[in-house]
Amino acid sequence: MMWATCAAACVLMSGSPTSAQEQIKRGEYLVTIMDCTGCHTPGTFLGKPDMQRYLAGSEVGFQIPGLGIFYPPNLTPDPETGLGRWSEAEIIEAVRTGVRPDGRQLIPVMPYHSYGKLTDADARALAGYLKSIKPIKNQVPGPVGANEKPSAPYLTVVMPQ
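Residues numbered from 1 in each chain as written. Predicted model: local features only at pLDDT ≥ 70, side-chain atom pairs only at ≥ 80, totals over all residues. Heavy atoms only, no water.

(A) Local environment of the nonpolar core. Membership of the largest hydrophobic core comes to 24 residues, with the highest contact counts inside it found for Val-31, Met-34, Leu-55, Ile-91, Leu-118, Leu-126 and Leu-130. For this core, the elements supplying multiple residues, two or more each, are α1 (2–33), α3 (88–97), α4 (112–115) and α5 (120–132). The dominant element in this core, judged by the number of residues it contributes, is α5, at six residues. Setting aside chain neighbours within four positions, we find Leu-126 in contact with Gly-27, Leu-30, Val-31, Met-34, Val-95 and Leu-118. One finds Ile-69, Tyr-71, Val-140 and Ala-152 within the second-largest nonpolar core, a separate group that totals five residues. (Core = buried A, V, L, I, M, F, W, Y, C linked by side-chain atoms within 4.5 Å. Buried < 20%, exposed > 50% of the residue type's maximum accessible area, 1.4 Å probe, protein only. Helix = DSSP H or I, 4+ residues; strand = E, 2+ residues; numbered from the N terminus. Contact = heavy atoms within 4.5 Å.)

(B) Region of interest: the sheet that holds strand β2 (residues 68–70). One open sheet accounts for four strands, arranged β3-β2-β1-β4; its pairing is mixed. Edge strands, defined here as strands with exactly one partner in the open sheet, are β3 (144–145) and β4 (154–156). (Pairing = 2+ DSSP bridges.)

Here's what the structure looks like:
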């Protein structure tokens, strides 16, 4: 009886790291298919993604007519310039609802309406993966209002005439 209890405990404990590793791999997969690097990796908007600064935010923003200029933020767990001080629950809330922990609304280009449909398991995997990657210190410019002057380069969306 004692041997069976010990064996069961060993099986359960040996499954935890695999489950955690599987969850991280699932999160990496989700970041890939959700194309997070398409906006959040430096150099991507210039056609040369800097994978040494993977998901560290963009130094080039994009203008949305009437709304302003937005610079994709640092998604690494750096505590000063990224998501390092955000809990997994706060990351999940922002991804699903488009609202940051400080109450600021994310830009409408961020497809949080679609991401809101993530299963709980996928949302946890995504947040867990973002918390697990290498923290990279990279302060990106903040958003610029429609009538404010930007301090960094940006792309402009031009509506057809």
